[in-house]
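Single-letter residue listing:
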Amino acid sequence: RCIGNYRKTLWRMRLPVIRHLVEFTLDNDKDYLEETLDVLEHLIDARGIKDEELDLIGELMSNIIGALEVTENIKKGVNKREALNAFMKKVTAVGK
């Protein structure tokens, strides 16, 4: 159930959200986002979670995972703008 909904949200990745999360990660630590992913993943299994709520959780998880990937590329020396553009290009190509 959660896997299908999670994959369905991949097209909902939002560049402004990812950019903001990347800034947070660069200013702080990626552990915060990784721990947030753990909490969201655990929340998926809660009783009574509706499909709309699962969609939202999946969308949040997608954006966090995207931000972590962009942050990793920046730490490898890729320019922030280039890393964001390359990631969004990759994501938009998945739906084609």
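Rules behind the numbers
- Residues numbered from 1 in each chain as written.
- Predicted model: local features only at pLDDT ≥ 70, side-chain atom pairs only at ≥ 80, totals over all residues.
- Heavy atoms only, no water.
- Core = buried A, V, L, I, M, F, W, Y, C linked by side-chain atoms within 4.5 Å.
- Buried < 20%, exposed > 50% of the residue type's maximum accessible area, 1.4 Å probe, protein only.
- Helix = DSSP H or I, 4+ residues; strand = E, 2+ residues; numbered from the N terminus.
- Salt bridge = Lys/Arg side-chain N within 4 Å of Asp/Glu carboxyl O.
- Patch = residues over 30% accessible without salt bridge, like charges linked within 9 Å, V, L, I, M, F, W, Y side chains within 5 Å.
- Areas by Shrake-Rupley, 256 points an atom, 1.4 Å probe, with all protein chains shown as cover.
- Lys, Arg positive; Asp, Glu negative; His and termini not counted.
- Charge placed at Lys NZ, Arg CZ, Asp CG, Glu CD.
- Phe/Tyr/Trp six-rings, centres within 6.5 Å; stacked < 30°, edge-to-face > 60°.
- Contact = heavy atoms within 4.5 Å.
- pLDDT = per-residue confidence, 0-100.

Let's talk about the nonpolar core
Most often, soluble globular proteins keep nonpolar side chains buried together rather than apart.
So, step 1. In terms of nonpolar packing, the biggest core is built from 22 residues, with Ile18, Val22, Ile64, Val70 and Phe87 touching the most fellow members.
So, step 2. For this core, the elements supplying multiple residues, two or more each, are α2 (15-27), α3 (30-44), α4 (51-75) and α5 (80-94).
So, step 3. Take this core: its biggest share by element is eight residues, from α4.

Some details on the pattern of salt bridges
So, step 1. All chains considered together, the criterion is met by four salt bridges.
So, step 2. Among the ionic pairs, Glu34 bridges to Lys30, the shortest N-O distance being 3.7 Å. Here Glu34 pairs with Lys30, and both are found in helix α3, just four residues apart, close to one helical turn.
So, step 3. Taking the relative accessible area as the measure of exposure, Glu34 reaches 31% and is therefore partly exposed.
So, step 4. The partner of Glu69 in a salt bridge is Lys90, with the nearest N and O atoms 2.3 Å apart. Remark: Lys90 occurs in helix α5 and Glu69 occurs in helix α4; sequence separation between them is 21 residues.
So, step 5. Salt bridges linked by common partners bring Lys30, Glu34 and Glu72 together as one network.

Observations regarding a negative patch on the surface
So, step 1. On the surface, Asp29, Asp31, Glu35, Asp38, Glu41 and Asp45 cluster together into a negatively charged patch.
So, step 2. Residue Glu35 is classed as partly exposed on the basis of its relative accessible area of 49%.

Regarding the packing of aromatic side chains
Remark: the centre distance and the inter-plane angle together describe each pair of aromatic rings, the angle taken between the planes.
So, step 1. Under the counting rule described, the total for this entry stands at one aromatic pair.
So, step 2. The interplanar angle of 70° and the centroid separation of 5.7 Å between the aromatic rings of Phe24 and Tyr32 together place this pair among those described as edge-to-face.

Comments concerning the environment of Ile57
So, step 1. Mapped onto the fold, Ile57 is located in helix α4.
So, step 2. Residue class for Ile57 comes out buried when judged on its relative accessible area of 6%.
So, step 3. In this structure Ile57 touches Leu40, Leu43 and Ile44, once residues within four positions along its chain are discounted.

A closer look at the confidence of the model for the chain
So, step 1. Chain-level pLDDT for the chain is 86 on average; 84% of the residues reach the 70-or-more range.
So, step 2. Below pLDDT 50 for its whole length, residues 1-9 participates in 17 contacts with residues either more than four positions away or in separate chains.

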